[in-house]
Amino acid sequence: MKLSLIRNTCGILRGQRSGRVVSGLSLRCFPAGLSNSRLILRAASATSSSRPSAKVAFNIGKHAAKEDAFERDSSFGEVVQSTKEAMAALQRSSSTFQPTLAIIQSSEDDHIWAVNKKVAEMVGLNITQICLSKDCTEDEVIEEIMKLNDDHNVHGVSVLLPSSLLTSQVLNALRPEKDVEGLSDVNVGRLLRGDGGRSFVPPVASAILDLLEKHDAPLEGKSVLLVGADGPVAYSLQALIERSGLAACKTHWTHQNLQRRVMEADAVVLLEKGDNKVPPTWVRPGAAVIYENQISKKLGFGQLSAAYRIQNVVCSSSRLLQEQQYRPWRLRSLKLNPLTPVPSDIEISRAQTPKAVTQLAEEIGLLPEELEAYGRSKAKVHLSLLDRLQSQPDGYYVLVAGITPTPLGEGKSTVTIGLVQALSAHLKLNSFACLRQPSQGPTFGVKGGAAGGGYAQVIPMEEFNLHLTGDIHAITAANNLVAAAIDARMLHEETQTDKALYKRLVPSMNGVRKFSPIQISRLQRLGIDKTNPESLSPQEVSRFVRLDLDPSKITWQRVVDTNDRFLRKITIGQASTEKGQMRETGFDIAVASEIMAILALSNSLQDMRNRLARMVVGTSRSGRPVTAEDLGVSGALAVLMKDAIKPTLMQTLEGTPVFVHAGPFANIAHGNSSVLADKLALKLVGRDGFVVTEAGFGADIGMEKFFNIKCRASGLQPNVVVLVATVRALKMHGGGPGVSAGAPLPKEYIEENLGLVAGGCHSNLRKQIQIAQQFGVPVVVALNAFSTDTEAEVALVCQIARECGAADAVPCYHWAEGGLGSVELAKAVKEAASKPSHFNFLYDIEMPIVEKIRTIAQKVYGASDIELSAEAEAKIDYYNQQGFGSLPICMAKTHLSLSHMPEKKGAPTGFVLPIRDVRASIGAGFIYPLVGTMSTMPGLPTRPCFYDIDLDPITEEITGLF
């Protein structure tokens, strides 16, 4: 639907009516305080002073002698007709959209309600009545208003209450966009300054203007006196009258020269209270008089103001629809002043003042209700954005992967951030970075933070690296709730009879026993079609209460987000209260939890709930998989995770937007940020924008899993792969000596050595480019340049990369220069994205598990074949029996080599890949074979990063974080 059509149809956004344009008017609406005013028009003349009533009756009769006749009055008919046309336009744009007016009142007089209901029915608008008690308090009114503010099904609110309750607190509690009576300070202020496109004109004020315009004698250039009121209605009315070409002034009933001022006016509007009156003899002949009077019920004036009120609701709805459309970005970049030498990451971060996250959100087209701020610099974004922008085309989808890295890391995160800074801040293209949330383990362990580095960072980097919005804590709580549920259930089953278990699992509440929904779900999976707890047979009771978990086949472990090697294997159940239920188990680091992988792969809250329910935590003694749903805990897990599923919005050093969400392990899980963050970002950037997301480790691990697992789960297809390489990593793959974190680099890595560079390019770089090309996606090589790299080395890498099939290869200097240092990369990515992409998966999902493993081993790693251990073969047979054979494969192997041997650099070939075990993450939706030994709980080094981290107790500034 064209929203301009609504504007023209309503005839209000430009102040049009009856073919005339009321100068300066853009909207007409009315404040609640006078919404039940009774107004009539009285036309005095030279002959009317002795018998005013007769003359009045005659003149009013021409416009509104009866209510039915009033419905045929041109003003009323025009307002209703234009509003009906606007409603039709709204409903053409969205057949399910239904504007609704809510009227709050405390009076038992339903006349105003009946009038508004009648007009609403004529237009086709919904209307609801909220009746408060006569002695309701201000707080009760505000509470009701707050509910309506948050009700997305209500688009306009009229507060028809006694003046004693229409306090400033009440009037300003209502959201301005729903204040169709125009009483709030925001609406009055907008109207007074002429911002009619965003304000509402009081319906009574609109009706008064109608009567003034239809006065028998033209009033243009004449004067109008407003008597008896100060407040939003009077001020709005005065402004509107003046913009209509009349002179307007206000006065009070107690003014000593009231009679003279009335006699001098060409029109008088009496906003009277109590018994205040103006004698007919005060009004000069031919003057128009408008005043409150109960007989207006018979004259239909309430219908005209009701028509304008209903029109305001439709206008409010059209504004809402307009706001819900895609908004072009108005991104304000932050200026960088790079220093030489480059300071520490935390110094750079602290030197830049980030925009308030609410400002950033507005700049990229988010609505206020789609944001949950966590302090000033970060906020959760609601998934409702996907519904609002569901028809919006996606932007370009770019994946940043890397060659096989050194233990020092090659800078995929800095490349990702530098690229989006270049795209948005320098090429002026909408772009979004989507990154994983770092774990506390590496932050305090050996690696440090993951916010990027140098002048390509997410800020504030302290907040990025520490806690963020608590998602990992939510995962920890949810994971450990499952662990507690497992051991508690095993204890109770071991120590209670079927009857006792059933009595406690389905207790009697107030004399009634009933299954919870999650228990009914279990009954259905067991094939028991009963809902009455009293109707189960003893055999059915036994099947229901007994999970019968085999302690030796529990696959679920507890987690903590700290590198703690002494928790890798523990013994639980040693207290006397555990009644001998002792077993061995262990801890993983929190990001290795299957719940983290589920968070990263979920497409919605419902999808996450379903995945959590499907998690297999162990096997029964009879060989059946036992799920979180069987434990009865899946609903509680969804509750713990309901906020974690929302991506966190942050920004780069140059003020470009970043989504930080999820952080699954890149070996036993898929190592990518969340599907939802990518989907939200793709809608926000628009058709020509770019979303740059990062995969963990080298292309053989993170990229392969991105394509075969994440893209299957999301349905998204990438346009470009950015393959990150460094000269030092290429030298290592070309035969250079080993490197390790914290040790000085050998001279081969800080002196020019073209032979080592060429060797690494022709082996590892070539292979990683070929891996990406197997998926049909163009590759741009980003050489993350270091100060030790020579011009000849850089030129050689770019030349060989292009010869190996890369669409382009460019050096990047974002670490030292920010986005400016990655402009050439941004141009290359834009060029590659403009060309057709022929994305395809590496294997058919219905292939046997063994063949899927073999395909990855041979086509990605370069192996000649695979070798399955007896245990791996048994597990594969079991998964096939349980119906899990059609899940994708998530290989768990070392990231330091294309093979399973970390010391084998370059591109090894001809080796046999050993598969020692095969496990399943059924909730996340993948099978993960184990190649070698995978540690899911890192340990702290001799000198962890936390030695350097401290806090200034005065300024609260963090030091030592990097």
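Coordinates for the structure precede this section.
What comes next is a walk through the structure. The shown structure was predicted, so the numbers you read here are calculated from the model rather than taken from an experiment.

1. Looking at the overall build of the protein
Phase 1 of the analysis: When its secondary structure is counted, the protein shows 36 helices and 36 strands.
Phase 2 of the analysis: Counting over 962 residues, the protein shows a buried share of 57%.
Phase 3 of the analysis: Counting contacts in the protein only where the partners sit at least 6 residues apart, residues at least 24 apart contribute 75% of the total.
Phase 4 of the analysis: Here the protein displays about 38,800 Å² of accessible surface, and carbon together with sulfur accounts for 52% of that area.

2. A few points about the pattern of salt bridges
Between side chains of opposite charge, a pair can form as their charged atoms come close.
Phase 1 of the analysis: A complete count under the given rule lists 36 salt bridges for this structure.
Phase 2 of the analysis: In this structure, Glu 370 and Arg 388 form a salt bridge, with 2.5 Å as the shortest nitrogen-oxygen distance. Placement of the pair is Glu 370 in the loop between α15 (357–363) and β11 (371–373) and Arg 388 in helix α16 (residues 384–388), with a sequence separation of 18 residues.
Phase 3 of the analysis: Residue class for Arg 388 comes out buried when judged on its relative accessible area of 14%.
Phase 4 of the analysis: A salt bridge links Glu 629 to Arg 609; the nearest nitrogen and oxygen atoms lie 3.3 Å apart. On the criterion of sequence distance, the pair formed by Glu 629 in helix α26 (residues 628–631) and Arg 609 in helix α25 (residues 605–614) is long-range, its members being 20 residues apart.
Phase 5 of the analysis: Overlapping salt bridges, with partners in common, bring together Glu 372, Lys 642, Asp 643 and Lys 646 in one network.

3. Side note on the side chain of Ser 305
Phase 1 of the analysis: Residue position: Ser 305 is located in helix α13 (residues 301–324).
Phase 2 of the analysis: Look past the residues within four positions of Ser 305 in its chain and what remains in contact with it is Pro 203, Val 204 and Ala 207.

4. Quick word on the sheet that holds strand β4 (residues 100–105)
Phase 1 of the analysis: The strand order β5-β4-β6 describes an open sheet built from three strands, whose pairing is parallel. The outermost strands of the open sheet, each flanked by one partner alone, are β5 (126–131) and β6 (156–160). Averaged over all pairs of adjacent strands, the angle between their axes in this sheet comes to 20°, without regard to strand direction.
Phase 2 of the analysis: Set on the sheet, helix α5 (residues 111–123) makes contact with β4, β5 and β6; between it and β5 the angle comes to about 165°.
Phase 3 of the analysis: The strands that helix α6 (residues 138–150) touches are β4, β5 and β6; relative to β4, the one it contacts most, it runs at about 175°.

5. Section: unusual backbone geometry
Phase 1 of the analysis: Put simply, Thr 340 and Pro 341 share a cis peptide bond, and its omega is 0°.
Phase 2 of the analysis: Among the secondary structure elements, Pro 341 is positioned in the loop between α13 and α14 (345–351).
Phase 3 of the analysis: Phi at Asn 510 is positive, roughly 55°, even though this residue is not glycine.
Phase 4 of the analysis: Within the secondary structure, Asn 510 sits in the loop between β17 (508–509) and β18 (512–513).
Phase 5 of the analysis: Although it is not a glycine, Lys 579 sits at a positive phi angle of roughly 50°.

6. Observations concerning the packing of helix α8 (residues 185–192) against helix α10 (residues 232–243)
Phase 1 of the analysis: At a closest axis distance of 10 Å, the pairing of α8 and α10 adopts a crossing angle of 20°. In this view, α8 runs roughly parallel relative to α10, as classed from their interaxial angle. Crossing of α8 over α10 shows left-handed handedness. For the pair α8 and α10, the contacting residues are Val 188, Leu 191 and Leu 192 in the first and Pro 232, Tyr 235, Ser 236, Ala 239, Leu 240 and Arg 243 in the second.

7. Side note on the side chain of Ser 593
Phase 1 of the analysis: Looking at where Ser 593 falls in the secondary structure, it is placed in the loop between β22 (587–589) and α24 (594–601).
Phase 2 of the analysis: A residue is classified by how much of its surface remains accessible, and Ser 593, at 4% relative accessible area, is buried.
Phase 3 of the analysis: Apart from the residues lying within four places of it in its own chain, the contact partners of Ser 593 are Ile 475, Asn 479 and Val 559.

8. Details of the nonpolar core
Phase 1 of the analysis: Core analysis: the biggest nonpolar cluster contains 147 residues, and Phe 432, Leu 649, Phe 659, Phe 707, Leu 765 and Leu 913 have the highest contact counts within it.
Phase 2 of the analysis: For this core, the leading source of residues is helix α20 (residues 471–495), giving nine residues.
Phase 3 of the analysis: If sequence neighbours within four positions are ignored, Leu 913 has contacts with Ala 857, Tyr 861, Ala 863, Asp 865, Ile 866, Glu 867, Met 891, His 900 and Val 931.
Phase 4 of the analysis: Counting 41 residues, the second largest nonpolar core, distinct from the first, contains Ile 346, Ala 456, Leu 468 and Ile 949.

9. A look at a nonpolar patch on the surface
Phase 1 of the analysis: Judged by side-chain polarity, Leu 408, Leu 745 and Ile 750 come together as a nonpolar surface patch covering roughly 220 Å² of accessible area.
Phase 2 of the analysis: For Ile 750, the location among the structural elements is in the loop between α30 (727–733) and α31 (754–774).
Phase 3 of the analysis: For Ile 750, a relative accessible area of 44% puts it in the partly exposed group.

10. So, the pairing of strand β32 (residues 912–915)
Phase 1 of the analysis: Only one face of β32 is buried: it carries Leu 913 and Ile 915, and the other face, with Val 912 and Pro 914, is open.
Phase 2 of the analysis: Summarising the sheet, strand β31 (residues 865–868) and β32 pair through four bridges and their orientation is parallel. Within β32, the position partnered with Leu 868 by the bridge is Ile 915.

11. Let's talk about the packing of aromatic side chains
Phase 1 of the analysis: Evaluated as defined, the whole model comprises 14 aromatic pairs.
Phase 2 of the analysis: Considering the side-chain rings of Trp 329 and Phe 432, the 6.2 Å spacing of their centres and the 75° angle between planes classify their relative orientation as edge-to-face. With a gap of 103 residues between them, Trp 329 in the loop between α13 and α14 and Phe 432 in strand β14 (residues 431–435) connect regions that are remote in the sequence. Assigned by exposure class, Trp 329 and Phe 432 land together as buried.

12. With respect to the pairing of β14
Phase 1 of the analysis: Counting buried positions over the five residues of β14 gives five, a clear majority of the element.
Phase 2 of the analysis: Because side chains alternate across β14, one face comprises the buried residues Ser 431, Ala 433 and Leu 435, and the other comprises Phe 432 and Cys 434, equally buried.
Phase 3 of the analysis: For β14 and strand β27 (residues 690–694), the ladder comprises four bridges, and the chain directions are parallel. Across the sheet, the residue bridging to Ala 433 is Val 692, located in β27.

13. A look at helix α4 (residues 74–93)
Phase 1 of the analysis: Over its 20 residues, α4 extends 29 Å from the first C-alpha to the last, a length consistent with the 28 Å expected when each residue adds 1.5 Å.
Phase 2 of the analysis: Of all the residues in α4, the buried ones are Ser 75, Phe 76, Val 79, Val 80, Ser 82, Thr 83, Ala 86, Met 87, Ala 89 and Leu 90.

14. Focus: the environment of Glu 793
Phase 1 of the analysis: With respect to the helices, strands and loops of the structure, Glu 793 is situated in helix α32 (residues 791–803).
Phase 2 of the analysis: For the pair Glu 793 and Gly 755, spaced 38 residues apart in the sequence, the C-alpha separation amounts to 9.5 Å.
Phase 3 of the analysis: If near-sequence neighbours (up to four positions away) are discounted, Glu 793 is found in contact with Val 727, Lys 731, Glu 751, Glu 752, Asn 753, Leu 754, Val 757 and Thr 788.

15. With respect to empty space enclosed by the protein
Phase 1 of the analysis: Summed over all chains, the structure comprises seven cavities of 30 Å³ or more.
Phase 2 of the analysis: Estimates place the volume of the second largest cavity at around 100 Å³.
Phase 3 of the analysis: Along its surface, the second largest cavity is lined by 14 residues, and Gln 440, Asn 465, Leu 466, His 467 and Asp 561 are the ones closest to its centre.
Phase 4 of the analysis: Within the residue set of the lining of the second largest cavity, elements represented by two or more residues are α18 (440–444), α19 (461–465) and α20.
Phase 5 of the analysis: Here the residues of the lining of the second largest cavity are counted per class, giving five nonpolar, seven polar and two charged.

16. Overview of the environment of Met 582
Phase 1 of the analysis: Along the chain, Met 582 turns up in the loop between β20 (570–572) and β21 (583–585).
Phase 2 of the analysis: Placed 95 residues apart in sequence, Met 582 and Asp 487 show a C-alpha to C-alpha distance of 9.7 Å.
Phase 3 of the analysis: In this view, Met 582 contacts Thr 571, Ile 572, Gly 573 and Gln 574; residues no more than four positions away in its chain are not counted.

Quick notes on the rules
Residues numbered from 1 in each chain as written. Predicted model: local features only at pLDDT ≥ 70, side-chain atom pairs only at ≥ 80, totals over all residues. Heavy atoms only, no water. Helix = DSSP H or I, 4+ residues; strand = E, 2+ residues; numbered from the N terminus. Buried < 20%, exposed > 50% of the residue type's maximum accessible area, 1.4 Å probe, protein only. Contact = heavy atoms within 4.5 Å. Areas by Shrake-Rupley, 256 points an atom, 1.4 Å probe, with all protein chains shown as cover. Salt bridge = Lys/Arg side-chain N within 4 Å of Asp/Glu carboxyl O. Pairing = 2+ DSSP bridges. Axes fitted to C-alpha atoms, helices over the stretch in contact; angles between N-to-C directions. Parallel < 35°, antiparallel > 145°, perpendicular 65-115°, else oblique. Left-handed = near helix turned anticlockwise from the far one by under 90°. Core = buried A, V, L, I, M, F, W, Y, C linked by side-chain atoms within 4.5 Å. Patch = residues over 30% accessible without salt bridge, like charges linked within 9 Å, V, L, I, M, F, W, Y side chains within 5 Å. Phe/Tyr/Trp six-rings, centres within 6.5 Å; stacked < 30°, edge-to-face > 60°. Expected span 1.5 Å × (residues − 1). 1 Å grid on protein atoms, 1.4 Å probe; cavity = no way out; pocket = protein on both sides within 12 Å on 5 of 7 lines; lining within 4 Å. Points joined across faces, edges and corners; volume = space filled by probe spheres on them. Nonpolar A, V, L, I, M, F, W, Y, C, P; charged D, E, K, R; others polar.

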